[in-house]
Amino acid sequence: MHGETQLVNSVSENLAASEPMQHEMHEHAGHEDHASHDHSHHDPRKFRNQFWVAFALTIPTMLYSGMLQNLLNFQVPVFAGSVYVSAILGTVILVTGGRIFIASGVKELQAKKPGMMALIAMALVVSFSYSAFLTVGQLIGFDLAGMDFWWELAALVSIMLLGHWIEMAQVAKAQNAMGALASLLPDTAIVLRGSVEKTVPVSELRVGDRIVVRPGTVIAADGLVYKGTSSVDESMLTGESRAVAKDKGSVVIAGTINAQRSNISLDDDELGTLRVEITALGDSTMLSGILKLVAQAQQSKSNTQRLADRAASWLFYVALGSAAITAAVWPFIGGTTDSFVLERVVTVLVIACPHALGLAIPLVSSITGSVAAGQGVLIRDRIAFEALRKADVILFDKTGTLTTGERSVASVTLTKGSQLKSANELLAIAAAIEHDSDHALAVAINRAAKANRLRLPDVRDVMLVPGVGLGGRLAGSRVMAGGPALLTKNNIKIDVSDLFQADQMGTNGATVVFIVRDNDLLGMIGIADTVREGAAEAVATLRKMGKRVAMLSGDSHGAANSIAKQLGIKEVFAEVLPAQKSEVVAKLQADKSTVVMVGDGVNDAPALALANVGIAIGTGTDVAIEVADVILVKSDVLAVPAAIKLAKRSYGVMVQNLWWAAGYNILAIPLAAGAFSGIGLVLTPAVGAVLMSLSTIIVAANAQKLRKEARR
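Residues numbered from 1 in each chain as written. Predicted model: local features only at pLDDT ≥ 70, side-chain atom pairs only at ≥ 80, totals over all residues. Heavy atoms only, no water.

Looking at this structure, how should I read the overall build of the protein chain?
The number of helices and strands found in the protein chain is 26 helices and 22 strands. Taken over 712 residues, the protein chain has a buried fraction of 53%. Across the protein chain, the fraction of contacts at a sequence separation of at least 24, relative to all contacts at a separation of at least 6, is 70%. Accessible surface for the protein chain amounts to roughly 30900 Å². Of this, 57% is attributable to carbon and sulfur atoms. (Helix = DSSP H or I, 4+ residues; strand = E, 2+ residues; numbered from the N terminus. Buried < 20%, exposed > 50% of the residue type's maximum accessible area, 1.4 Å probe, protein only. Contact = heavy atoms within 4.5 Å. Areas by Shrake-Rupley, 256 points an atom, 1.4 Å probe, with all protein chains shown as cover.)

Written out as C-alpha cells, the structure is:
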C-alpha cells in the first residue's frame, strides 16, 4: 500500500529510536540504566522450535545418564559407545539451544549487571566443563571420582527454552501499532492537474496539491477545504462522536472519512464532495504525530522491574560467594580429597541454576492468560498486567468505551401546541423523511421507528436542502427535518419552553432534530450516544474496590457530563484533543498514582501507551488494540474490575512461586557446600538434581491454583 508505506517509512526511524532498550533476554531489575541490545529477533517461534529439539534430545540424555540409572534403578539398551550418549547429546543441546543463554549471560556480565542469564550461563558452563572433564578422563582411561551433570545440563536448557517461549509469546507489539496507524491511509487519491482529475498513489502527492474527496472516501492528507460542503467522521482521531461539518476554510485530517453519503435525489452532483489543498504529508501529519506520541509513551515505561531478575541477581552473587567459601574452607578443614572439594564447588554452582525460578513467573503468566481469556480479557503485556493490582485511578474514554459509540434516539418530544397526537406519530414522519438517507442521525431515527414497528406515512419528492436538512411532500403539506438552521432560515416560531427544552437536550449531549410541517414546529427528536451495557455496574464495582474513577472525552462538556452523571462518575475531562489525552494521564500520574487507561480509538493510543496499564475495547480500532497492554475481547467493561482482581491473585501466586524457587536454593546451597557435613548432611549432585526438579514440579503445581480458582 503506497499510503501505508509512505507513513511507515517516514516514522520508522522515530519508532526504532524510541524502542525500549533491554538485555538480550531480560530487563535487569533494580537498575535505571540498561544494557542496550537489539531484541527485534525475539520471535516466540524461535524458542518454540529450539525447545522441542532440546526436549527431544533431553529424553535420551536422561535415560542414558548413569546418575539417574543408579538413582532410579533402571537400565536401558547398551551398545558400543552408549556410555557417551549423554555426553554427545548434552553437548549438542548446549551448542544449539544453550548458546543463546550463555551469550546473554556474557553480555550481562560485560554490563556488570549479572542476573537471570548470567546465573543460567554460569550453571551451563560449569556443568559442561565438569562433566566434559569427567567424560574425557573416562575416555582416555583415567578413573576420576565424581558424577557428571549431562542430564542436568540438558534439562536446564529445555526448561529455560520453555520458559522463554512462554514469555516471548506474550511480549512485543511496537511495529504492529505503526502498521495499524498507517493502514488508515488510502492507497490512492484523486488529484487535480489543472482542471483534470487524476488518480495517483498517495506517495506521489506533494504539499500544495489539490485533491478531490468524494463522499464515503478517506482523506489522504492534512489540508484546508477550498471548495465544497460535507460532514467528516473524525472519531478515530479526535474522539468526537458526531460527524463534523466542513466547508470552505475548514481543516481536514489524513485518515478521517468524508461521511456525507446519501441515496436520495440531489440537485447538485458536487454536494458532499470536498476539494482540499494539502498542507501536510508523511511525518508532518496529525496521524504521524499521534504515532510519535505512542512511541515516546511506550519508551517511558521501559524500566519496569522484574522480581525474577532481582532474585536471580542476588542468587548469582550468593552462588559465587558460597563456591568461593567452599573452595577456601575445605582444604583447611582437612580429611578431604581434591576431588571432593571440586565436587562441592561444582555442585554449589550448578545447584544455583534457577530451574524453578525460570518458570516461576512465565508459567503463572501463561495460566493467568488462559484464565483471563475465559473472562474475555486478552493480556498483551504481562508486566503491565501485573501493575493492575496497584491501580489507583481508572480513566475511561467515553465514546466507544463507556458508550456504544452508536447514536440512537434518546427522546421524542411534541412541542407546545403541536397538531400531532403522539410521539410515535412524530417519529414516523421523521423516519419517512429520513428513510433513504444513511446519515448517522437518519439511521438512528429509522432504527427507532423500526423498533417501535411504526407504519411510515408516504413522504414524496424528498430533497436535501444544503445546510438545513431534508424536505419532502406529505399529503399536500411540506415537511422538513433538520437542525436549528431549519428554524432560523424558515422563520419558524418556537415557544420559549420548547426552546429551553431543546437547549437542555443539547447541553446533555444530544443532537436535536426538529420536525416541521409547513410553518408549524411539530416536535423535536433528541439523538445521543448510548451507555454501554454493564458500564454503570463496572463503575460502581470499581468504586467499591476503592478505585478513583474518571472519564475523558473529545465531546463537549454537556455530552460528557450527561454520560458521567448516568454512570456515577464525578471526575470528567471533556473537549480533550488527542495530544491532551496523554497529558491528562501524565497529570494523574504526577502524584505517583498508578493510572489505568481504558479506551478504544486511535485518539486514545498515546494515553493507552503512557498509562501504567492500557486497556483497549476489543471492538475498537486496530491501533488502540496494538498499543494496549490488555484487551477486552467482548467489549464488556465489567471485565475491568475482574481483571484487577485476577492481577492481584496472579501476583500473589508469582510471589509464592518465587519463594518456593528461591527457598530451595537458600536451603540447597549450604547443603551442597557441605556446611552440615559434620552431622552427616551432604547434598550429593544426584540428590540435588532431583530436589531441583522437585522444586520445579511444586512451582508448576502451585501455578495451577489459579485455574482451579477460576472454575469455582
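And the narrative resumes.
What is the right way to read the packing of helix α15 (residues 423–433) against helix α16 (residues 440–451) from this model?
A pair of packed helices is characterised by two quantities: the angle between their axes and the separation of those axes. Where α15 meets α16, the closest approach of the two axes is 9 Å, and the angle between their N-to-C directions is 130 degrees. Judged by the angle between their axes, α15 and α16 are oblique. The element α15 and its partner α16 pack so that their crossing is left-handed. Note on element contacts: α16 touches α15 through I445, N446, A448 and A449, opposite L427, A430 and A431. Here the contact of α15 with α16 is built from residues that sort into six nonpolar, one polar and no charged. (Axes fitted to C-alpha atoms, helices over the stretch in contact; angles between N-to-C directions. Parallel < 35°, antiparallel > 145°, perpendicular 65-115°, else oblique. Left-handed = near helix turned anticlockwise from the far one by under 90°. Nonpolar A, V, L, I, M, F, W, Y, C, P; charged D, E, K, R; others polar.)

Sorry, what's going on with the packing of helix α4 (residues 85–110) against helix α5 (residues 116–139) here?
The N-to-C vectors of α4 and α5 enclose an angle of 145 degrees; their axes lie 8 Å apart at closest approach. Viewed along their axes, α4 and α5 form a crossing whose handedness is left-handed. Residues A87, T91, L94, G98, F101, I102, S104, G105, E108 and L109 of α4 form the contact with α5, whose own contacting residues are M116, M117, A118, I120, A121, L124, V125, F128 and T135. Per-class residue counts for the contact of α4 with α5 are 13 nonpolar, five polar and one charged.

What exactly am I supposed to notice about the pattern of salt bridges here?
Pairing between side chains of opposite charge can happen when their charged atoms approach one another. In this structure the tally under the stated criterion is nine salt bridges. A salt bridge links E277 to R210; the shortest N-O distance between them is 3.5 Å. Taken together, the residues E277 in strand β9 (residues 274–280) and R210 in strand β3 (residues 210–213) connect sequence positions 67 residues apart. Owing to a relative accessible area of 37%, R210 belongs among the partly exposed residues under this scheme. (Salt bridge = Lys/Arg side-chain N within 4 Å of Asp/Glu carboxyl O.)

Would you mind showing me how to read the packing of aromatic side chains here?
Where two aromatic rings form a pair, the distance of their centres and the angle of their planes describe that pair. Counted according to the given criterion, the structure contains five aromatic pairs. Note on F128 and W150: the rings are 5.7 Å apart at their centroids and 75 degrees apart in plane angle, and the pair reads as edge-to-face. Of the two residues, F128 is situated in helix α5 and W150 in helix α6 (residues 150–168); the sequence distance between them amounts to 22 residues. Here F128 falls in the partly exposed class, since its relative accessible area comes to 26%. Here W150 falls in the buried class, since its relative accessible area comes to 3%. Through a chain of ring-to-ring contacts, the aromatic side chains of F51, W52 and F55 assemble into a single cluster. (Phe/Tyr/Trp six-rings, centres within 6.5 Å; stacked < 30°, edge-to-face > 60°.)

How should I be thinking about the environment of D438 in this particular structure?
The residue D438 is located in the loop between α15 and α16 in this model. Classification of D438 as partly exposed rests on a relative accessible area of 34%. Note: C-alpha distance between D438 and A259 (179 residues apart in sequence) is 9.5 Å.

Please clarify how unusual backbone geometry should be interpreted in this entry.
One non-glycine residue with positive phi stands out, namely D461, at about 55 degrees. One can find D461 in strand β13 (residues 459–465). Given the relative accessible area of 61%, D461 is considered exposed.

Would you explain the sheet that holds β3 in this entry?
Sheet strands pair by backbone hydrogen bonding; their relative direction is either parallel or antiparallel. The antiparallel open sheet is built from six strands, whose spatial order is β2-β1-β3-β9-β4-β7. Each end of this open sheet is capped by a strand with a single partner; those strands are β2 (196–201) and β7 (251–252). The pairing of strand β4 (residues 222–227) with β7 spans two bridges and is classified as antiparallel. If you follow G223 over to β7, its bridge partner there is V252. (Pairing = 2+ DSSP bridges.)

Help me understand the side chain of T61 in this model?
As for its position among the elements, T61 is in helix α2 (residues 44–63). A polar side-chain atom of T61 sits 2.7 Å from the main-chain carbonyl oxygen of L57. Setting aside residues no more than four positions away along its own chain, T61 makes contact with S86, L89, G90, I93, W150, W151 and A154. (Polar contact = N/O pair within 3.5 Å; in protein donor to acceptor, adjacent residues only side chain to side chain.)

How do you make sense of the environment of V346 when you look at a structure like this?
Along the chain, V346 turns up in helix α11 (residues 338–351). Looking at V346, the relative accessible area reads 6%, which means it is buried. Note: C-alpha distance between V346 and S131 (215 residues apart in sequence) is 10.0 Å. Not counting residues up to four positions away in its chain, the partners in contact with V346 are V126, Y130 and F149.

It is not clear to me how the confidence of the model for the protein chain should be interpreted in this structure. Could you clarify?
Should the pLDDT be low somewhere, the predicted coordinates at that spot are not to be read in detail. On average, residues of the protein chain score 78 in pLDDT, and 78% of them reach the 70 mark or higher. In the predicted structure, residues 1–41 sits below a pLDDT of 50 and forms 110 contacts with residues beyond four places in sequence or in another chain. Counted against residues more than four places away or in other chains, residues 296–305, with its pLDDT under 50, gives 28 contacts. (pLDDT = per-residue confidence, 0-100.)

Teacher, can you tell me more about the sheet that holds strand β8 (residues 257–258) here?
Read across the open sheet, the three strands follow the order β6-β5-β8; overall the sheet is antiparallel. With one partner strand each, in any of the chains shown, β6 (244–246) and β8 form the two edges of the open sheet. Where strand β5 (residues 230–233) lies against β8, two bridges are found, and the strand directions are antiparallel. Note that in β8 the partner of V232 across the bridge is N258.

Mind showing me how you'd approach the side chain of T401 here?
Mapping T401 onto the fold places it in helix α14 (residues 398–402). If near-sequence neighbours (up to four positions away) are discounted, T401 is found in contact with F396, R532, V598, G599, D600, I617 and V637.

Would you explain α16 in this entry?
The end-to-end C-alpha distance of α16 is 16 Å, a good match for the 16 Å that twelve residues give at a rise of 1.5 Å each. For α16, the set of buried residues is L441, A442, A444, I445, N446, A448 and A449. In the core, the buried residues of α16 are packed alongside β12 (403–414), α15, β16 (511–517) and β17 (520–531). (Expected span 1.5 Å × (residues − 1).)

Whenever I open this one, the pairing of strand β1 (residues 188–193) confuses me. Can you help?
Two faces make up the sheet, and in a regular strand the side chains alternate between them. With six bridges joining them, β1 and β2 adopt antiparallel strand pairing. Bridged to L192 within β2 is E197. Connecting the antiparallel pair β1 and β2 is a turn made up of two residues, with G194 showing a positive phi of about 75 degrees. As paired strands, β1 and β3 are joined by two bridges and run antiparallel to one another. By the bridge assignment for β3, I190 is matched with V212.

I tried to follow the pairing of strand β11 (residues 393–397) on my own but got confused; where do I start?
Where burial is concerned, most of β11 is hidden: five out of the five residues are buried. Burial along β11 is two-sided: the face carrying V393, L395 and D397 and the face carrying I394 and F396 are both buried. The pairing of β11 with strand β18 (residues 548–552) spans five bridges and is parallel. Across the sheet, the residue bridging to I394 is V549, located in β18.

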